[in-house]
Each structure stands twice: as structure tokens, then as C-alpha cells.
Amino acid sequence: MQDLTLDETAHAQAVALPATLTLNGHLPHPRTLGLHALRALPRREMGPTQVNCFTGRPVASVRSLAGTRLVDVLDASGFSTQPRWELKRCMVMGVGLDGYRAMFSWNELYNSALGEGVLVLYERDGLPLDGRLGPLSLISAHDRQLGPRHLLNLRGVHVQMI
């Protein structure tokens, strides 16, 4: 079993990037949050975790992960203050440095158990994330297979009303 990796170019870019997360789209207060601001949000931890690709093949195994819930990050931008009828029509997209996206509906994040496990990660095994994962990463811990919505080098969260 191997750790998740990026190609050499993306890895070099990721190492040089600051730990910032840009929030934009259908939000009352679009902003960029740094690591300090993310750490100020409620902390969530996951114990031993195995990340599998969609086929079930193991791709990574870790002792612990830590970060904050995506819903707490969204609410720091005022997302939940919008009219309920608008929220129900919103899609939330995490975007990685390589352009890979993980998508969630408002209902998944705020009206199901799945939302509790969608985390913006900043620590692995008690240490800051390394360059391969990026300074920030995203995981949907309650998915059957964690790989398809595990974003490496999370750079942004875009909210779109459909």
C-alpha cells in the first residue's frame, strides 16, 4: 500500500503553496482563510483510516487525521444565513490544485450524517500535512470508499446555486 502521491511538478508546486482556502460563489461573505483561521474553527479528529479507491483497492493508511468540518468553514462565510429555498438548490465543490473536484449537495452536508465527516484536513498523524497531500486536503469520511472524494492540495471551495 502506498501513500497518495502527485506527479513531480504538482508536488513541487504544492510544497511552495501557503495553507490558504478560497471560498467563493453563492456566499454572503466570500473570503480566503489561512491555516490560523481554519485552526480557530472547531477541531475534528479521525482515528485510524484507510483510504480506498472506488474499486476498493487500498491507496493510503493513516493513524489519525485532523481538521475542521466543511460546514463550519462554509458557515464562516455566512452560507447558512441565506434563505432555505436557496440553500436547498446549492452544490458545494471542493477544488484541488490539479483541478480535481469533489461535489456535495446542501442536503448531504447539512441534512445527513455524511456532513459530519466532510473535513478540511490540516494534520496527519499529529503533524502538518506533507507536500504530497498539500497544506490542506479534503475527505468525506462517511463515504463507502474514501478515495473518490479525497481531494489532495485543496485550494478552494465554490458554492453554486443550480
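Quick note: structure is the one above.
Residues numbered from 1 in each chain as written. Predicted model: local features only at pLDDT ≥ 70, side-chain atom pairs only at ≥ 80, totals over all residues. Heavy atoms only, no water.

Chemist: What is the right way to look at the overall build of the protein in this model?
Modeler: Helices and strands together make up the secondary structure of the protein, namely 5 helices and 12 strands. Looking at the protein as a whole, 49% of its 162 residues qualify as buried. A separation of at least 24 residues holds for 64% of the contacts in the protein among residues at least 6 apart in sequence. Of the roughly 8,000 Å² of accessible surface on the protein, 54% is carried by carbon and sulfur atoms. (Helix = DSSP H or I, 4+ residues; strand = E, 2+ residues; numbered from the N terminus. Buried < 20%, exposed > 50% of the residue type's maximum accessible area, 1.4 Å probe, protein only. Contact = heavy atoms within 4.5 Å. Areas by Shrake-Rupley, 256 points an atom, 1.4 Å probe, with all protein chains shown as cover.)

Chemist: Whenever I open this one, the environment of Leu 33 confuses me. Can you help?
Modeler: Along the chain, Leu 33 falls in strand β2 (residues 31-34). Taking the C-alpha atoms as reference points, Leu 33 and Ala 76, separated by 43 residues in sequence, lie 9.3 Å from one another. Discounting residues that sit within four places of it in the chain, Leu 33 has contacts with Ala 19, Thr 20, Leu 21, Leu 23, Leu 38 and Val 73.

Chemist: Where do I start with the packing of aromatic side chains in this structure?
Modeler: Any pair of aromatic rings gets described here by the distance separating the centres and the angle formed by the planes. Tallied over the entire structure, the rule returns 2 aromatic pairs. Of the aromatic side chains, those joined through ring pairs into one cluster are Phe 79, Trp 106 and Tyr 110. (Phe/Tyr/Trp six-rings, centres within 6.5 Å; stacked < 30°, edge-to-face > 60°.)

Chemist: Would you explain unusual backbone geometry in this entry?
Modeler: Residues apart from glycine generally show negative phi values, whereas peptide bonds are mostly found in trans. One non-glycine residue, Asp 125, adopts positive backbone phi at about 55 degrees. Relative to the helices and strands, Asp 125 is located in the loop between β9 (118-124) and β10 (127-128). Of the residues examined, Asp 125 reaches a relative accessible area of 23% and is grouped as partly exposed.

Chemist: Got a minute to help me understand the pattern of salt bridges in this structure?
Modeler: A full pass over the atoms with the stated rule returns 9 salt bridges. For Glu 108, the salt bridge identified is with Arg 149, shortest N-O distance 3.3 Å. Highlighted residues: Glu 108 in helix α5 (residues 106-110) and Arg 149 in the loop between β11 (137-140) and β12 (154-161), separated in sequence by 41 residues. Take Glu 108: its relative accessible area is 24%, and that puts it in the partly exposed class. Residue Arg 124 is joined to Asp 125 by a salt bridge in which the shortest nitrogen-to-oxygen separation is 3.9 Å. Because the salt bridges share partners, they merge into one network encompassing Arg 39, Arg 43, Glu 45 and Glu 123. (Salt bridge = Lys/Arg side-chain N within 4 Å of Asp/Glu carboxyl O.)

Geometric values such as these leave the question of function open.
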